[in-house]
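This is what each chain is made of:
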Amino acid sequence: MFKLPDLPYAYDALEPYIDEATMRVHHLGHHQGYTNKLNAAIEGTCYENKSIDEILKSIHIHQTAIRNNGGGYWNHNLYWRIMKPGGSEPGGKIAAAIRRDFGSFENFRDAFKQAGLSRFGSGWTWLVSEHGKLHICTTPNQDNPLMKFVDCLGKPVLGMDVWEHAYYLKHQNKRGAYIDDFFHVINWDEVNRLYEESLDK
Ligand code: MN
């Protein structure tokens with residue numbers, strides 16, 4: 001049985017960028033919902049005792065309940081971890097790789113924001129590492145790069161939720177303003193740790 005992970009900070013800790021009311025309903029409502037529905041979908045199947053990574057890597061495109069809720073479970077586990085109160089500065093190997101692959105941090109930020117704005121409807125924007133090489137891509141709904149039918153190769157090191165439930169209470173229809181605020185709370189130490197992990201594989 002999968003469990004909803006605790007947030008690594010208080011619900012109001014990302015204020016003023018991400019508001020407390022959004023964090024509460026996002027974690028206790030949406031993420032808990034994906035968790036419960038994932039558990040129901042795998043009960044009695046061959047996936048029951050597998051890790052969430054193993055499940056997402058092995059499912060097929062038409063396994064809709066596990067795809068949507070397993071993706072939702074995994075994606076939010078990452079999302080909470082790659083944010084922190086006040087954020088941090090990009091450093092270490094990820095900072096050097098961003099400069100190498102995008103020219104500058106500002107170029108990367110602009111491209112990531114543009115990708116988030118251009119994702120029609122609900123979905124995610126990803127920074128992925130393909131054996132060290134960085135790419136930006138987006139997925140619809142709760143799909144993610146672990147799923148083999150998704151057109152986005154690599155290990156996610158940064159994931160930005162662009163569902164309206166991630167920002168609508170504070171930012172209403174202004175997704176770009178949410179993305180600008182998201183950049184104030186990115187935990188680059190964790191992103192760098194995930195990037196360094198991707199170099200070993
Ligand atoms: Mn979400």
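Small disclaimer: the values here were computed from a predicted structure and weren't measured.

**Things to note about the pairing of strand 2 (residues 133-140)**
Looking along a regular strand, one sees the side chains alternate between the two faces of the sheet.
Working step 1: One ladder, built from 8 bridges, connects strand 1 (residues 123-130) with strand 2; its direction is antiparallel. If you follow Glu130 over to strand 2, its bridge partner there is Lys133.
Working step 2: Linkage of strand 1 to strand 2, two consecutive antiparallel strands, is achieved through a turn of 2 residues, within which His131 is found at a positive phi near 55°.

**Some thoughts on the coordination of the manganese ion**
Working step 1: Coordination of the manganese ion by the protein is provided by His26 (NE2), His76 (NE2), Asp161 (OD) and His165 (NE2), with metal-donor distances spanning 2.0 to 2.2 Å.
Working step 2: Here the donor residues of the manganese ion share one chain and are spaced in sequence as H-x49-H-x84-D-x3-H. With a gap of 50 residues between them, His26 in helix 1 (residues 20-42) and His76 in helix 3 (residues 64-81) connect regions that are remote in the sequence. Each of the two residues, His26 as well as His76, counts as buried.

**Re the pattern of salt bridges**
Working step 1: Tallied over the entire structure, the rule returns 10 salt bridges.
Working step 2: Of the charged contacts in the structure, one is a salt bridge between Arg81 and Glu190, with a shortest N-O distance of 3.0 Å. Residue Arg81 is located in helix 3, and its partner Glu190 is located in helix 8 (residues 188-199); the two are separated by 109 residues in the primary sequence.

**Side note on the packing of aromatic side chains**
Working step 1: Under the definition given, this model contains 17 aromatic pairs.
Working step 2: Ring centres 5.5 Å apart and planes at 40° place the aromatic pair Phe108 and Phe112 in the tilted group. Taken together, the positions of Phe108 and Phe112, both in helix 5 (residues 105-118) and 4 residues apart, correspond to about one turn of that helix. In this structure, Phe108 and Phe112 share a single accessibility class: buried.

Here is what the cut-offs are and how they apply
- Residues numbered from 1 in each chain as written.
- Predicted model: local features only at pLDDT ≥ 70, side-chain atom pairs only at ≥ 80, totals over all residues.
- Heavy atoms only, no water.
- Pairing = 2+ DSSP bridges.
- Helix = DSSP H or I, 4+ residues; strand = E, 2+ residues; numbered from the N terminus.
- Donors = N, O, S within 2.8 Å, 3.2 Å for Na, K, Ca; no water.
- Buried < 20%, exposed > 50% of the residue type's maximum accessible area, 1.4 Å probe, protein only.
- Salt bridge = Lys/Arg side-chain N within 4 Å of Asp/Glu carboxyl O.
- Phe/Tyr/Trp six-rings, centres within 6.5 Å; stacked < 30°, edge-to-face > 60°.

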